[in-house]
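Structure assessment
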2 protein chains.
Amino acid sequence: MNHGAGGETMQDFLSKHIVSHLPRMSSDVPLSSLDDSAVVDGIVFTTDGHTVKPLFFPGGDIGSLSVAGTVNDISVMGARPLALSCALILEEGLDINVVDRVMGSIGRTSEMCGVPVVTGDTKVVESGAVDNMVVVTSGIGKRSEYLDHNISVASAHRKVDSRWLTDDNVRDGDAIIVSGTLGDHGVSLLSFREGYGFESAVQSDVAPLNGLIENVLKVGGAVAMKDPTRGGLANTLNEWSSKSGVGMMLEERDIPLKDAVVNACDLLGIDPLSIGNEGKVVIACVPGSAEDILKVLRSHPLGKDASIIGYAASGTKRVTMRTSVGGKRIIEPPIGDPVPRIC
Amino acid sequence: MNHGAGGETMQDFLSKHIVSHLPRMSSDVPLSSLDDSAVVDGIVFTTDGHTVKPLFFPGGDIGSLSVAGTVNDISVMGARPLALSCALILEEGLDINVVDRVMGSIGRTSEMCGVPVVTGDTKVVESGAVDNMVVVTSGIGKRSEYLDHNISVASAHRKVDSRWLTDDNVRDGDAIIVSGTLGDHGVSLLSFREGYGFESAVQSDVAPLNGLIENVLKVGGAVAMKDPTRGGLANTLNEWSSKSGVGMMLEERDIPLKDAVVNACDLLGIDPLSIGNEGKVVIACVPGSAEDILKVLRSHPLGKDASIIGYAASGTKRVTMRTSVGGKRIIEPPIGDPVPRIC
């Protein structure tokens, strides 16, 4: 299961058994960079398989998750999502009302974020060949009209190497910002599925972030963005650290976490920083833009709990956190997300 | 199962329970046209879920099928496929050699047709939550550099309404051409899966057709194209008839069928015209171009058995076939493909 769980085991599996078989191509952002989306001929292109269980959960469902996940993967590259595709694999005998509810949610989420579903495919397999349903969304986008401005603001502070907001673009001194509380989606889903009861205090954060991200690009100064899904913040920052070749220093007290998430994670023995989120973005920006970006994030409902959580620090090649009690802890790349089938 | 089987039941299901929930958008080729691909902002975009069973079969496997299916859906619009995405849903415990074999096949097929896989996603679910593996490919393409020439050749004969090779573009008198023998894929797969033994005489035809189709566009005069997958030729022609508002008259003796396919279908009581193909294209063209297109098809290894099988005929709103023994038979839209899980 860890091969698909978004952590270090998965990166290793993808490189050895997936990417190695595929012909290499030259591109702004190729497959081998394993970034959120690829860029081909100016088109930003991404795909996501959704196997969340159960299909409906507090704060969302497989439909809203599918739209938000793909819209976010396009947006964090610095692109404007244009359109989505939707492939359904349905189990024979699945209640038609379930299909209607999921498609209704896809339609509403699509309308809300202004990104239409333009093409699709539906397969029905015999009972037992799939667990209820799988939804695979792909998305296409084009360079945001605000990305050049965003990069020019960053370039006023230092040389920026990438034309897109890629994982390898973080440099010493860059500020690390998260757009809100972490761990809500994974904890809520796990609790609801297993009947732990925490889901009354914390709901999934699933949301399309294209509007919020466009606001950040208008301010300018961002150099990398990522939605911390499988493997959570720990995975995002370790990917950046590894691909950019720079360490990071975080302040634990600045990392926004709901009390209910902290309590649930304590009880369950899991790390809130390694749990997947579905409506959050992590932003690396040049230091001079951090306060402006924080301000614009906080003025948006989806970014009201945004916080600067630390800085890229060349002194170390690792992701380190100063704890609230005064010590230091290395944030290791997670082996995999501690909660299976949350997306 | 018929809801996903590519026939009339599926069209009805898609309209009522899928498309109805999604916001409408204006586009050259929107979702609501249920064509092979959508066209958004000049980008041709499509997706396909693959649940074929077994994963490996005579003549192909789920990997070659995934690449060919998506490349063909882009190409039949009159577009050049640029890139593919690949989402894998893997069952926990699946032999890693199976993943390597499938990815190797994806890589080879991708290289053969010159369309790279640029982005992907991999999910692993617990044993029993998916039957071995599902592969969902999406593809993007751009208008072929030969499509304007192709349409101008057709326009010399009559007014052409669509800028793309869409299902609603067939008119009275147009010739209907198939690129080769029909039913090979479905019969071979069914026979292999059920142990009937016909697969020694007939293999799957799975193949990417972008090269063959580009040759046709260079000749010019095509007005519609479709790869006759689920529901086979019967589904393709009934979709054209219904969307274009024109009847068709076919000659049974001109429809290329392998003896082994005819014999297998007779024994199994299924119609070879309703079985899915994975390496064939059906072309409607202006009558003056039919012989030229036939010639260029036959000069290509994937089109050597091409044949003109009939004409669009305004005299009837239905698809009719003159049988070899002198009678007439209505080719009904299939309820669904008679063979499940062939793609």
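Everything here concerns the structure above.
Residues numbered from 1 in each chain as written. Chains lettered and ligands numbered in written order. Predicted model: local features only at pLDDT ≥ 70, side-chain atom pairs only at ≥ 80, totals over all residues. Heavy atoms only, no water.

1. Description of helix α9 (residues 290–298) of chain A
What counts is decided by this rule: To sort residues, take the accessible area from a 1.4 Å probe on protein chains only and compare it with the maximum for the residue type: under 20% means buried, over 50% means exposed, and anything in between is partly exposed. Secondary structure elements are taken from DSSP: a helix is a run of H or I of four residues or more, a strand is a run of E of two residues or more, and numbering for both begins at the N terminus. Here a residue-residue contact requires only that any non-hydrogen atoms of the pair lie within 4.5 Å.
Among the residues making up α9 of chain A, those that are buried are A290, I293, L294, V296 and L297 of chain A. In this structure, the buried side of α9 of chain A is in contact with β8 (175–178), α6 (210–219), β9 (222–226), β11 (282–285) and β12 (307–313) of chain A.

2. Concerning the relation of the copies chain B and chain A
The condition that has to hold: Residues reaching a pLDDT of at least 70 in both copies supply the C-alpha atoms on which the copies are superposed by least squares.
When chain B is fitted to chain A, the residual RMSD is 0.0 Å, and the transformation amounts to a turn of 180 degrees plus an axial shift of 0.0 Å. One copy is carried onto the other by what is essentially a two-fold rotation axis. Among all C-alpha atoms of chain B, that of V130 of chain B lies closest to the rotation axis, at 2.1 Å. Most of the interface of chain B is mirrored in chain A, where 100% of its interface residues again form contacts.

3. Considering the sheet that holds strand β2 (residues 43–50) of chain A
Within a beta sheet, neighbouring strands are joined by backbone hydrogen bonds and run either parallel or antiparallel to one another. Residue and element names in this part refer to chain A. Here is the rule: By this definition, two strands are paired if DSSP reports at least two bridges between them. Axis lines are fitted through C-alpha atoms, for helices just across the contact stretch, and the angle between N-to-C directions can take any value from 0 to 180 degrees.
Overall, mixed pairing links the 5 strands, which are arranged β1-β2-β7-β5-β6 in an open sheet. Each end of this open sheet is capped by a strand with a single partner; those strands are β1 (38–40) and β6 (117–125). Averaged over all pairs of adjacent strands, the angle between strand axes in this sheet comes to 20 degrees, irrespective of strand direction. Sheet analysis places β2 next to strand β7 (residues 133–143), joined by 8 bridges and oriented antiparallel.

4. So, the packing of aromatic side chains
Quick note on the threshold: Only centres within 6.5 Å qualify two rings of Phe, Tyr or Trp (six-membered ring in Trp) as a pair; their planes then separate them into stacked at under 30 degrees, edge-to-face at over 60, and tilted for everything else. Comment: the charge-over-ring label is applied if NZ (Lys) or CZ (Arg) is within 6 Å of the ring centre and within 35 degrees of the ring normal.
Scanning all chains against the criterion turns up 1 aromatic pair over all chains. Above the plane of the ring of W164 of chain A lies R143 of chain A, whose end atom (NZ or CZ) is 4.9 Å from the centre.

5. Quick notes on unusual backbone geometry
Going from K53 of chain A to P54 of chain A, the amide bond is cis rather than trans, its omega being 0 degrees. For P54 of chain A, the location among the structural elements is in the loop between β2 and β3 (56–57). Positive phi outside glycine occurs at L34 of chain B, with the angle close to 45 degrees. With respect to the element layout, L34 of chain B can be found in the loop between α1 (8–18) and β1 (38–40). Unusually for a residue other than glycine, D41 of chain B sits at a positive phi of about 55 degrees. Residue position: D41 of chain B is located in the loop between β1 and β2 (43–50).

6. A look at the side chain of R341 of chain A
Among the structural elements, R341 of chain A can be located in the segment after β14 (328–330). The residues contacting R341 of chain A, other than those within four sequence positions of it, are T51, V52, K53, D131, L189 and R193 of chain A together with V125, E126 and A129 of chain B.

7. Here we look at the environment of I18 of chain A
Structurally, I18 of chain A can be placed in helix α1 (residues 8–18). Aside from chain neighbours lying at most four places away, what touches I18 of chain A is F13 of chain A together with L88, V99, M103 and T122 of chain B.

8. What to know about the side chain of D121 of chain A
Heads up, the rule is: The definition of a polar contact used here is a pair of N or O atoms within 3.5 Å, where within protein one atom must be able to donate a hydrogen and the other to accept one, and adjacent residues in sequence count solely through side-chain atom pairs.
Tracing the chain through its elements places D121 of chain A in strand β6. Polar contacts involving the side chain of D121 of chain A include one to the side chain of K123 of chain A, which spans 3.4 Å. Here the side chain of D121 of chain A touches G49 of chain B through a polar contact of 2.7 Å, landing on its backbone nitrogen. If we skip the residues at most four places from it in the chain, D121 of chain A touches C86, A87 and L88 of chain A together with T47, D48, G49 and R230 of chain B.

9. A look at the interface of chain B and chain A
Formally: Buried area, as used here, totals the accessible surface that two parts lose on assembly, with accessibility defined by a 1.4 Å probe and the loss added over both. Any Lys or Arg side-chain nitrogen found within 4 Å of a carboxyl oxygen on Asp or Glu counts as a salt bridge. In this count, Pro and Cys sit with the nonpolar residues alongside Ala, Val, Leu, Ile, Met, Phe, Trp and Tyr, while Asp, Glu, Lys and Arg are called charged and the others, Gly among them, polar.
Facing 70 residues of chain B, the contacting portion of chain A comprises 70 residues. Interface of chain B and chain A: buried area, both sides summed, is about 5,800 Å²; carbon and sulfur atoms make up 68% of it. Where chain B packs against chain A, one counts 8 salt bridges. Between D41 of chain B and K142 of chain A there is a salt bridge; the shortest N-O distance is 3.8 Å. Linking chain B with chain A are 19 residue pairs in polar contact (both at pLDDT 80 or more), by the criterion used here. Only α1, β1, β2, β5 (79–91), α3 (96–113), β6 (117–125) and β7 (133–143) of chain B provide two or more residues apiece to the side of chain B that touches chain A. Residue composition of the side of chain B that touches chain A, grouped by class: 37 nonpolar, 19 polar and 14 charged.

10. Notes on the environment of S64 of chain B
Residue and element names in this part refer to chain B. Structurally, S64 can be placed in helix α2 (residues 62–75). The class for S64 is buried, based on a relative accessible area of 10%. Sequence separation between S64 and L267 is 203 residues, and the spatial gap between their C-alpha atoms is 29 Å. With residues up to four places along the chain from it excluded, the contact list for S64 reads S105, T109 and V206.

11. Notes on helix α5 (residues 184–194) of chain A
An α-helical segment advances 3.6 residues per turn. Residues three or four places apart therefore align on the same side. Residue and element names in this part refer to chain A. Across the 11 residues that make up α5, a large majority, 8, are buried. When we look at burial in α5, the residues that qualify are D184, H185, G186, V187, S188, L189, L190 and S191. Residues of α5 that are buried sit in contact with β3, α2 (62–75) and α8 (259–268). Following α5 by one or two positions, G195 has its phi on the positive side, about 75 degrees.

12. With respect to the pairing of β7 of chain A
Residues and elements named next belong to chain A. Buried residues dominate β7, accounting for 9 of its 11 residues. In this structure, strand β5 (residues 79–91) lies alongside β7, joined through 11 bridges in antiparallel fashion. When the sheet's bridge partners are listed, C86 is paired in β7 with T137.

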